[in-house]
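Notes for the structure review
Listed below, chain by chain, are the residues.
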Amino acid sequence: SASLAAAAAAASPAVAVPPRSSPLPRQRTRPLRSPGGGSQTDREVGLLLSLREPPSLAEVRKVLAPTLDSWKGNPKLATAALSGVAKERRPFLGVKVLQCMLERWVHANVFHYNAVINACAKALQWQLALALLRDMAELSVEPDVFSCSAGISACEKGRQWELTLELLEEMRARRLEANAVACAAVVSACEKGRQWERVLALVLEMRRSRLPPSLVACNAAISACEKGKQWQAALALLSEARLQQLQPDVITYSAAISSCEVREKWVLAVQLLAEVDEFALAPDVVAYSAAISACEKGRQLEQARVWLWEMQTRQVRPNIITYNAVISASEKCRRWDLSLHLLGLVRASGTEFDLVSCNAMLSACEKCREWRAALAELRVLRCAGLQPTTVTCNALAGSCEAQHWPLALHVLAAARTLGIRPDAVTCCTGAGALDSASPWAMPLALLRQASQLTLEPGRIMYNAALGSMGARWLPAVGLLAAMQLAGLKQDDVTHGASAVTCARGGRWRVLLRQFTATDGQGGAPALAAAADACERAGAVGSTGGLLEAARRAAVA
């Protein structure tokens, strides 16, 4: 296909020699054999492996010059030499050996190419593997199942799920029956590419082809469903694995537990982790972390703490993912003190904490208005060399918003000096702080700033600005019009704040028109403000319209 040809052309064996900074892992060099010890093939492989990476064609030609003629009559010698090179993950060396063989008219058969393609798969050189498959077709060397399987494996390790599917289609076009290894590699590639629909289709195809079940394919399929948030399919695959007597391992259960990380399914995670114990499988940190994350999503703080304690008693060391899940559960349950304690455990255990941990703890402090603890954590964060983010500053400013609004504004101003870009939450937090301070012009400035930053101000920002208007009814009416133009739905808080502003400004006619036009939205505060404004203006007769509008709002 066109994409295969393009990928192969990018790494043709004739020219695909990696530079000095090649991402290939550092190769092990086999020591040279003594001239009197070992077979001739072993000595050849030792000499080849002693060459620097990447080797030149001249160097390889010099090593193979005495033996290439013997390979013509005994191709198995070449197979043994190439297998030795492949075992050491030296695909580019294998390509040079193939080139020397072709130069001396030594026939390169499918076994020779398979050895080098296997080396490509081990060394993560998927482009070179595709180029070798292309060369096989050009030299009339028919690829077999093992050639295509090795190419699929190379593409799978290179996270090229589209190419694995194309290679599978080419196998069918050549009337080669895909084996379980090839299908498992395609499933694994699609799992890494988050293609859970294709994974389920492949699993169904394997079942129809009566291929032997594979635990590797099963684990990859469950993991794909987990990444696609398909918990029903993941649990169905787990049940099928039990029926096929595949003996699921900890990896299987960890993926299945991770698929239950939704609020309503944390109970399933509890049951699955219990099954791990029933089948005498030792849960590892991945399984525990997945179960604790499921409890975090379901706001089950106590169960998460039980598992954290169980990990310590079983000497399973929690990692940062584990701690972050428990800290996040504490934040959702408004347990800022527990979040702070857990963060202390992270530091005491020597685990390197990250911004996720700190932001979750700061968010807990924000919800509980514990601004002192939040500021102390910020100092620790800076000492650890972690750069605060927008989330960090929003949480810190939010903890100071109500009681210490000047400090909240200082935090937001400091964020700008640090180059932290504000978002809509930042502007809402600033508006809330200014609402506590009541300088009416500053919320309007924040709204203008949000527009300049290409942020879309939300209803909360407009409501905060309306609440700070005092008796300035004209800007309040302008804000209502701006909300309508932005397509934002006005709620009772919106209408209540605007009604109070108009009442304070003595604009009872504007207030009455607004109250009746919205059928009394704004609740009791709006009604009380409207009635008080009418009474002060001597327009007591207008209260009947107010009561009628309030009645319609109550019926609605």
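Note that this is a predicted model, so its numbers are computed, not measured.

1. Here we look at the pattern of salt bridges
A full pass over the atoms with the stated rule returns 18 salt bridges. In this structure, Lys72 and Asp69 form a salt bridge, with 3.9 Å as the shortest nitrogen-oxygen distance. Remark: Asp69 and Lys72 occur in helix H4 (residues 68-73); sequence separation between them is three residues, near one turn of the helix. Residue classification places Lys72 among the partly exposed positions, given a relative accessible area of 45%. Since its relative accessible area comes to 45%, Asp69 is described here as partly exposed. The closest approach of N and O atoms between Glu275 and Arg242, which form a salt bridge, is 2.6 Å. Taken as a pair, Glu275 in helix H16 (residues 266-278) and Arg242 in helix H14 (residues 231-243) lie far apart in primary sequence, 33 residues in all.

2. Some details on helix H20 (residues 336-348)
With 13 residues, H20 should reach 18 Å at 1.5 Å per residue; the first-to-last C-alpha distance of 18 Å fits that figure. Listed as buried for H20 are Leu338, Ser339, Leu342, Leu343 and Val346. For H20, the buried positions fall inside an angular range of 140° around the axis, keeping them on one side. Of the residues trailing H20, Gly350 is marked for its positive phi of about 85°.

3. Quick notes on the confidence of the model for the chain
Of all residues in the chain, 65% attain a pLDDT of 70 or more, and the chain-wide mean is 74. By mean pLDDT, helix H1 (residues 2-9) is the weakest element of the chain at 43, and helix H7 (residues 110-122) is the strongest at 90. Overall, residues 552-556 carries pLDDT values under 50, and its contacts beyond four positions in sequence, including any with other chains, amount to five contacts.

4. Quick notes on helix H17 (residues 285-297)
The terminal C-alpha atoms of H17 lie 18 Å apart, and with 13 residues this matches the ideal 18 Å at 1.5 Å per residue to within 8%. Counted residue by residue, H17 has ten buried out of 13 residues, so it is predominantly covered. Buried within H17 are the following residues: Ala287, Tyr288, Ser289, Ala290, Ala291, Ile292, Ser293, Ala294, Cys295 and Glu296. In this structure, the buried side of H17 is in contact with helix H15 (250-258), H16, helix H18 (301-313) and helix H19 (320-332). Positive phi shows up at Arg299, right after H17, with a value of about 60°.

5. Comments concerning the UniProt feature "repeat: PPR" (unreviewed entry) in the chain
The sites that UniProt annotates as "repeat: PPR" (unreviewed entry) are residues 109-143, 144-178, 179-213, 284-318 and 354-388. Structurally, residues 109-143 is divided into 74% helix and 0% strand, and its ends, taken at the C-alpha atoms, are 9 Å apart. Each end of residues 144-178 is marked by a C-alpha atom, and these two atoms are 10 Å apart; helix forms 74% of the span and strand 0%.

What counts and how
- Residues numbered from 1 in each chain as written.
- Predicted model: local features only at pLDDT ≥ 70, side-chain atom pairs only at ≥ 80, totals over all residues.
- Heavy atoms only, no water.
- Salt bridge = Lys/Arg side-chain N within 4 Å of Asp/Glu carboxyl O.
- Helix = DSSP H or I, 4+ residues; strand = E, 2+ residues; numbered from the N terminus.
- Buried < 20%, exposed > 50% of the residue type's maximum accessible area, 1.4 Å probe, protein only.
- Expected span 1.5 Å × (residues − 1).
- Arc of directions from axis to C-beta.
- pLDDT = per-residue confidence, 0-100.
- Contact = heavy atoms within 4.5 Å.
- UniProt positions renumbered as here; feature names shortened; annotations may be inferred.

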